[in-house]
Amino acid sequence: MTGVQACALPICNCSLRAALDEARLDHGPSTVTFAIPGAIPHQIQLSAQLPSIDENDTVVDGYTQPGSQPNTSAVGSNAVIGIEVRGNGPRAFSAFYMTSDRNTIRGLAIFSAAAKIKLRDAARDNRIVGNFLGTDASGTFTETEFNPNGMGVSINDASDRNRIGTPALADRNVVAGNSGRGVSFFFDSSDNLVQNNVVGLSPTGIPRGNFGHGVDVNFGSSRNLIGGTGANERNVVAANHAHGIEISHELTTVGNRVVGNYVGTRPDGRGGNAGTGNWNFGIHLEDHSNHSVVEQNVVAYNRRGGITLQRTTTDNIVRDNVVGVNAAGQLVGNEIGRAHV
């Protein structure tokens, strides 16, 4: 770990847990780096949840491990992950827990835990970038059972302005194989960005669906942006076992935007099949959520249908989407084959 102090343990034996403990105590910016000898990937097996990141400006950078490499591919991910963090199964503890501001977690494969990264207690302006969340460094691991508390990234309790991925190719996350949702927002977590991620597919585009929704926005979480129309801002959300993207629950869930994503297709948007389709609707709004905007998405191959609004959603805008047609212009349908609006 680099920062105000060296790791309290001898540097050759300094564990991830010890480095995070010291980051909590040094009262200044800290960076946790890796230099484990031997061939990658190296697996860190957790026996309990890691120490909370409750000091601001902490960076955990898996790409400092020799042999690691951030993604450079325009489609999917060719990232070489050198550090795996493995929990003790989807019904045990979560891995990383963050309650402070302006932190970064990058370059890790975090899997076999309840939530891989959990933000709570008004954690703001954090960056989750360049990780594999829910699967291992090879992109083959996936959970085999559903857990409603299992998530790739869980953002809660008025945690605002966080970034899950950015348009930089190196910042693309793969969020796949989780026992519940891929990315979730709960309880007034607003103004967050979810961009340039692959949610529900392996790095090479093989279905590794999350057992719940791909992206889920709930309970007063407002003005979040999922996707975008700029270069590398769209997400690919496919093969998830519930809806691809859902916005729901309460009149206070206001003004969220789902823009420019590929929902149900391969990473290039130009093809797909029943395996890439989300198992329910591609995009689903329900239960009083209001003033949302759903636009310029490609929504195809999903098993129940393309876009649906149900149960007293009001004042939402759905426009300029391509439903049942892939990005190559091929008529491929959804299971029902039309938008439900």
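Residues numbered from 1 in each chain as written. Predicted model: local features only at pLDDT ≥ 70, side-chain atom pairs only at ≥ 80, totals over all residues. Heavy atoms only, no water.

## Observations regarding unusual backbone geometry
Moving on, step 1. Omega for the bond connecting I40 with P41 falls within 30 degrees of zero, at 0 degrees, which places this linkage in the cis form.
Moving on, step 2. Non-glycine residue D125 carries a positive phi angle of around 60 degrees.
Moving on, step 3. As for its placement among the helices and strands, D125 is situated in the loop between β9 (115-119) and β10 (127-129).
Moving on, step 4. At F219, a position not held by glycine, the phi torsion is positive, near 50 degrees.
Moving on, step 5. Structurally, F219 can be placed in the loop between β18 (215-218) and β19 (225-227). (Helix = DSSP H or I, 4+ residues; strand = E, 2+ residues; numbered from the N terminus.)

## Remarks on the nonpolar core
Moving on, step 1. In terms of nonpolar packing, the biggest core is built from 46 residues, with L16, V60, V85, F96, I105 and L108 touching the most fellow members.
Moving on, step 2. Ranked by residue count, the leading element in this core is helix α1 (residues 16-25), at three residues.
Moving on, step 3. Beyond its immediate stretch of four places on either side in the chain, I105 contacts I53, V60, F96, M98, I117, R127, I128, V129 and N131.
Moving on, step 4. One finds Y63, A79, A176 and V236 within the second-largest nonpolar core, a separate group that totals 15 residues. (Core = buried A, V, L, I, M, F, W, Y, C linked by side-chain atoms within 4.5 Å. Buried < 20%, exposed > 50% of the residue type's maximum accessible area, 1.4 Å probe, protein only. Contact = heavy atoms within 4.5 Å.)

## With respect to the sheet that holds strand β12 (residues 151-155)
Paired through their backbone hydrogen bonds, the strands of a sheet run either parallel or antiparallel.
Moving on, step 1. Taken together, eight strands build an open sheet; the order of strands is β6-β9-β12-β15-β18-β21-β24-β27 and the sheet is parallel. Two strands close off the open sheet at either side, each with one partner strand: β6 (96-98) and β27 (305-310). Across the sheet, the mean angle separating the axes of adjacent strands is 10 degrees when strand polarity is ignored.
Moving on, step 2. Pairing geometry for β6 and β9, over three bridges, is parallel. Within β9, the residue paired with F96 across the bridge is I117. (Pairing = 2+ DSSP bridges. Axes fitted to C-alpha atoms, helices over the stretch in contact; angles between N-to-C directions.)

## A closer look at α1
Moving on, step 1. Those residues of α1 that fall on the buried side of the exposure criterion are L16, A18, A19, L20, E22 and A23.
Moving on, step 2. On its buried face, α1 is in contact with β2 (30-32), β3 (42-45), β4 (58-61), β5 (83-86) and β6.
Moving on, step 3. Directly beyond the C-terminal end of α1, a positive phi value near 55 degrees is found at H27.

## With respect to the pattern of salt bridges
Moving on, step 1. Under the criterion given, the structure shown has 14 salt bridges.
Moving on, step 2. The shortest N-O distance in the salt bridge between D157 and R120 comes to 2.7 Å. A residue pair is termed long-range when its members are at least 10 positions apart, and D157 in the loop between β12 and β13 (163-164) and R120 in the loop between β9 and β10 qualify at 37 residues.
Moving on, step 3. By relative accessible area, D157 is classed as partly exposed at 22%.
Moving on, step 4. Accessibility expressed as a relative area gives 30% for R120, which makes it partly exposed.
Moving on, step 5. Among the ionic pairs, D160 bridges to R124, the shortest N-O distance being 3.7 Å. Taken together, the positions of D160 in the loop between β12 and β13 and R124 in the loop between β9 and β10 put the pair 36 residues apart, joining distant regions of the chain.
Moving on, step 6. R124 gets classed as partly exposed once you look at its relative accessible area, which sits at 29%.
Moving on, step 7. What emerges from the salt-bridge pattern is a single network uniting D21, R24 and D54. (Salt bridge = Lys/Arg side-chain N within 4 Å of Asp/Glu carboxyl O.)

Read these as spatial facts, not as claims about activity.
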